[in-house]
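Residues per chain, in single letters:
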Amino acid sequence: MSEAGSKPIGAASMDVVVVGGGFAGLYMLHKLRGLGFSARVFEAGSGIGGTWFWNRYPGARVDIQSLEYSYQFDEELQQEWQWSERYAPQAELLTYANHVADRFNLWPDIQLNTRVTGAHFNEDTGRWAVETDKGDEVTCRFCVMATGCLSAPKGDAELPGSETFRGDSWHTGRWPEAGVDFTGKTVAVIGTGSSAIQAIPIIAAQADHVTVFQRTPNFSVPAHNGPIDPAVVADWEKNRDAYRKEARETGFGIRYVSMGEQAAHEATPEEQKAAYEERWRYGGFALLGAYNDLILDRDANATAAKFVHEKIHEIVKDPQVAEKLSPKTYPIGAKRICVDTGYYATFNRDNVSLVDLTEEPIETITPAGVKTGVEEYPVDAIVYAIGFDAMTGALDKIDITGRGGAKLKDAWSAGPKTYLGLMVAGFPNLFLVTGPGSPSVLCNMAVAIEQHVDWISDCIRWMGDRQARAIEATEDAQEAWVAHVNEVANTTIYPFANSWYLGANVPGKPRVFMPYIGGFPVYRDKCNEVAAKGYEGCTVAA
Ligand SMILES: Cc1cc2nc3c(=O)[nH]c(=O)nc-3n(C[C@H](O)[C@H](O)[C@H](O)COP(=O)(O)OP(=O)(O)OC[C@H]3O[C@@H](n4cnc5c(N)ncnc54)[C@H](O)[C@@H]3O)c2cc1C
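This text gives an overview of the structure that appears in the document.

Parameters at a glance
Residues numbered from 1 in each chain as written. Predicted model: local features only at pLDDT ≥ 70, side-chain atom pairs only at ≥ 80, totals over all residues. Heavy atoms only, no water. Helix = DSSP H or I, 4+ residues; strand = E, 2+ residues; numbered from the N terminus. Buried < 20%, exposed > 50% of the residue type's maximum accessible area, 1.4 Å probe, protein only. Core = buried A, V, L, I, M, F, W, Y, C linked by side-chain atoms within 4.5 Å. Contact = heavy atoms within 4.5 Å. Near = heavy atom within 4 Å. Polar contact = N/O pair within 3.5 Å; in protein donor to acceptor, adjacent residues only side chain to side chain. Areas by Shrake-Rupley, 256 points an atom, 1.4 Å probe, with all protein chains shown as cover. Nonpolar A, V, L, I, M, F, W, Y, C, P; charged D, E, K, R; others polar. 1 Å grid on protein atoms, 1.4 Å probe; cavity = no way out; pocket = protein on both sides within 12 Å on 5 of 7 lines; lining within 4 Å. Points joined across faces, edges and corners; volume = space filled by probe spheres on them.

**Describing the environment of A263**
By the secondary structure assignment, A263 is in the loop between α6 (230–248) and α7 (269–282). Using a relative accessible area of 9% as the deciding quantity, one classes A263 as buried. Through-space distance from the C-alpha of A263 to that of L294 is 7.9 Å; in sequence the pair is 31 residues apart.

Okay, here's the thing in structure tokens:
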């Protein structure tokens, strides 16, 4: 890593500031440099890689197969990189991010350990003034927020008494680099979302005892992870372009989740079971693609949910525990399905117990452990797997002001409003990568990120070619897009869960369905159409 990029830049002027050094920020920087723009990435962490830098908890890995969850903008990069496992672990993903930064010599324009605290649009100059916690004051024409959808961990302060706990505690999204040895420890894991489901089997294999505190059970399907199959890799390499294209034509940007042609009710119960069984054996999100109406029709959806309930009861020996682990209050898929390695079977271990927080809610964290309405559970360590203030959390932490000094936080007080998830009315020359209102977390994010970065780069180049000063979404176009995002969401099963897609996991957060569920191809075509029509729905100031 070049040191040049780690020193505060102080007062400076450039074309573009990029906030965030995850997969989005890295590719954004590469594109901008290729187009001849001066740019700098500010990254709060002491390393790049975003999600894969921060989430080092045991078992952290992708839930989309690595062959698909990777950049595709550079042919040689694709050819030279080899994944070791079907679902790459965090450390390998982090190495991959660093390899990309090395390969494209990105380091000189990346400033680590630097949090952007404010970004203010100056209407007189048509430029943004960006401030950091290291005292940098940078002006730029364009500001790109590559701050991540799942990069603002929810605080353990939400649980009263957490500051009094005498043992060690960690949030899965801020895991120490040195790792944690749970040998001989009694551990509380609070939360049963994706991170907990990946971590619990590994912690349980190490610790003396693990108590899992579950508020809402999640649907989880097996990953069947293991060393990547050389035959699969060979086939992928031979057909990569075609497979990548196929993936980009699926709603979720994932080739192996391509939807079945049939609706669930067109199949007999026996055929349904066989179809689900086949996809369960394949592993991962494939299950949801068994029929074309599983995310649209609640009855169809219930057939897949029932299949997973039966699987949980098959795997978990104690029928009461199995029942508690079976999600019954929302459709399968309405919360992101988890992809696990031995999660349900972990509850057959003698050293693992489950506390159902719907029966005994947590009252407080005590110096000794976790106290519910029923009893106190003394533990040596607490793992907070309580998730993120998704999609808006990282942006909320930055003081962003647009035209007339309006604050983004105020503009979004009733929920985030964007045009295509890319721009916000009243905030000229500000772009969001995978912002609310785009497919983002409902898509293979590697695919979503590249599409956004390409679109933003094209827009910036277009502005440069015309020497135009400012581009901004109109209120009307934004309102129409927000209405469309909601309308599409309401035709699906997604709003039937209290999920982080809706902001329901953060007390006081407005309930708005944030990602766009119309499917990646529909969305991409819309973005392309907007650009082809001279950025329809935007005002462009000369
Ligand atoms: C545990 C976990 C597993 C996941 N697995 C998958 C998966 O399998 N498939 C998938 O498609 N997606 C997955 N995701 C989503 C994942 O976030 C994206 O795939 C992708 O990594 C996002 O990249 P990004 O660059 O947009 O954001 P991030 O990787 O979140 O990077 C954003 C960066 O911005 C920095 N930042 C934020 N605010 C500031 C600020 N004010 N100043 C400076 N820096 C700032 C953060 O420190 C962070 O490093 C997962 C997410 C998590 C948390």
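**Quick notes on the nonpolar core**
Core analysis: the largest hydrophobic core is formed by 144 residues, its most contacted members being F431 and W455. Once residues within four sequence positions are removed from consideration, F431 is found in contact with F142, C143, V144, M145, L422, M423, W455, I456, C459, I460 and I471. Counting residues in each nonpolar core, the second largest holds 23 residues, with V116, I400, V424 and L430 among its members.

**Details of the site of the ligand**
Close to the ligand lie 34 residues; E43, T51, D63, Y69 and M445 are nearest. Note that an oxygen atom of the ligand is positioned 2.8 Å from one of the backbone N or O atoms of M445. Relative to its unbound accessible area of 980 Å², the ligand is 96% covered by the protein chains. Counting residues per element, the ones that place at least two in the shell around the ligand are α1 (23–34), α2 (51–54) and α13 (445–466). Per-element accounting of the shell around the ligand gives the leading share, three residues, to α2. The residue makeup of the shell around the ligand, split by class, is 19 nonpolar, eleven polar and four charged.

**Brief notes about the layout of surface pockets**
Put simply, the second largest pocket is a space of about 300 Å³. Forming the walls of the second largest pocket are 18 residues, and the residues nearest its centre are Q65, L67, V232, R255 and Y282. Among the elements that take part in the lining of the second largest pocket, α6 stands out by supplying four residues, more than any other.

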